[in-house]
Amino acid sequence: MKALRLLPEQVRTGSLILVNRDYDYAEPGRPQANCSGMERGSKHVRAEALSVLGGRSGAPVLLARRAAVLFAGLMDEIGGWSRIVPVSGYRTLAEQKDIWNSSLAEHGKDFTNAYVALPGHSEHQTGLALDLGLKKDEIDFLCPDFPDSGICRTFRERAPEYGFIHRYPSGKEKVTGINHEPWHFRYVGTPHGEIMEKEGLTLEEYVFFLRDFPHGRRPYLFAAGGRQIAVSWLAARREEVTWLSVDERLPHSVSGDNVNGFIITEWRDGYVA
């Protein structure tokens, strides 16, 4: 077994971090901010490398490198490049503020609260979120057309296999705090996209669902690719190092949840139906 040393600030990094109105995102190079915009703390997180996807009218759309590779694989698989276009990906805090203020001026408070994340609380700032639209001459930046039919439905159905989830589904508005957005997808990695699809969970629900599967005791087991995958949660020690014991012979990954713990994914030998 191998002991991994996890620092408190690592709770706020990784592909499974929850970013919404309740849990803010600490943009690289800036202190974390609360809902009122007042800065607090001094912990910074390291920026993940970004890749260019292209975009509408040639505008560059950026996505975290790992997510971009999986997105490209999915688009290649379904032949999506000729009909689906990335509309918006990574945004800085300043860009999110501009979008928020522009939406307030043009559409008003109710629309903005329903469809635009509060600056400092936007998934787009993580580099893991992506808005998509049908390729057209005119594309609405805030609400692009992404119907539940044709190539768009195919993308949505296949997305979990590649680690993407439809982030703001219909019927979950009270959970996510955002209106139904057919166009907004979030990279969470594999097998988490498939697990969330299987269990019918949003990211808000999944992060707390995993509390029932403590690391080292009773993991959530999922079968994929002929292997058993164990997913579990470990509480972080406040302002102290958290030690995680893993089998170094087996592949594993660790992501913070941006709340108060870590999600551990372990690829084990053997198959469980």
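The structure under discussion appears in the preceding block.
Residues numbered from 1 in each chain as written. Predicted model: local features only at pLDDT ≥ 70, side-chain atom pairs only at ≥ 80, totals over all residues. Heavy atoms only, no water.

S.K.: Can you help me understand the environment of S255 in this one?
M.R.: Here S255 is to be found in strand β11 (residues 252–256). Counting along the chain gives 240 residues from S255 to S15, while the straight-line C-alpha distance between them is 6.2 Å. Separated by 3.3 Å, the side chain of S255 and the backbone nitrogen of S15 make a polar contact. (Helix = DSSP H or I, 4+ residues; strand = E, 2+ residues; numbered from the N terminus. Polar contact = N/O pair within 3.5 Å; in protein donor to acceptor, adjacent residues only side chain to side chain.)

S.K.: What exactly am I supposed to notice about the sheet that holds strand β12 (residues 261–268) here?
M.R.: Adjacent strands of a sheet form backbone hydrogen bonds with each other and so pair up, either parallel or antiparallel. One open sheet holds the four strands; their spatial order is β8-β9-β12-β11, and the pairing between them is antiparallel. One side of each edge strand has no neighbouring strand; the edge strands of this open sheet are β8 (220–224) and β11. When strand polarity is set aside, the average angle formed by the axes of neighbouring strands in this sheet is 20°. Its contacts with the sheet place helix α6 (residues 192–199) against β8, β9 (227–235) and β12, and it is angled at close to 110° to β8. (Pairing = 2+ DSSP bridges. Axes fitted to C-alpha atoms, helices over the stretch in contact; angles between N-to-C directions. Contact = heavy atoms within 4.5 Å.)

S.K.: Got a minute to help me understand the pairing of β11 in this structure?
M.R.: Remember that side chains alternate between the two faces of the sheet whenever the strand is regular. Relative to β12, β11 runs antiparallel, the two sharing five bridges. Within the sheet, the bridge partner assigned to V254 lies in β12 and is I264. Between the end of β11 and the start of β12, which pair antiparallel, lie four residues, with N258 showing a positive phi angle near 70°.

S.K.: Any chance you could explain the pattern of salt bridges here in plain terms?
M.R.: Once the charged atoms of two side chains with opposite charge are near each other, the side chains can pair. Under the counting rule described, the total for this entry stands at 15 salt bridges. Here R153 ties to D148 by a salt bridge, and the two come within 3.4 Å at their closest N and O atoms. Judged by relative accessible area, which is 37%, R153 ranks as partly exposed. Judged by relative accessible area, D148 falls into the partly exposed class, the value being 47%. The partner of R167 in a salt bridge is E204, and the shortest N-O contact between them spans 2.8 Å. Of this pair, R167 sits in strand β6 (residues 164–168) while E204 sits in helix α7 (residues 203–209), placing them 37 residues apart in sequence. (Salt bridge = Lys/Arg side-chain N within 4 Å of Asp/Glu carboxyl O. Buried < 20%, exposed > 50% of the residue type's maximum accessible area, 1.4 Å probe, protein only.)

S.K.: Explanation requested: unusual backbone geometry in the structure shown.
M.R.: Most peptide bonds take the trans configuration, and most residues that are not glycine carry a negative phi. Here the bond from T190 into P191 is cis, since omega is 5°, no more than 30 degrees from zero. Tracing the chain through its elements places P191 in the loop between β7 (181–187) and α6. Within the chain, E239 stands out as a residue other than glycine whose phi angle is a positive 60°. With respect to the helices and strands, E239 occurs in the loop between β9 and β10 (242–246). The class of E239 is exposed, set by a relative accessible area of 78%. Not every positive phi belongs to a glycine, and N258 is a case in point at roughly 70°. Position of N258 relative to the elements: it lies in the loop between β11 and β12.

Bear in mind that shape data such as this cannot, by itself, settle questions of function.
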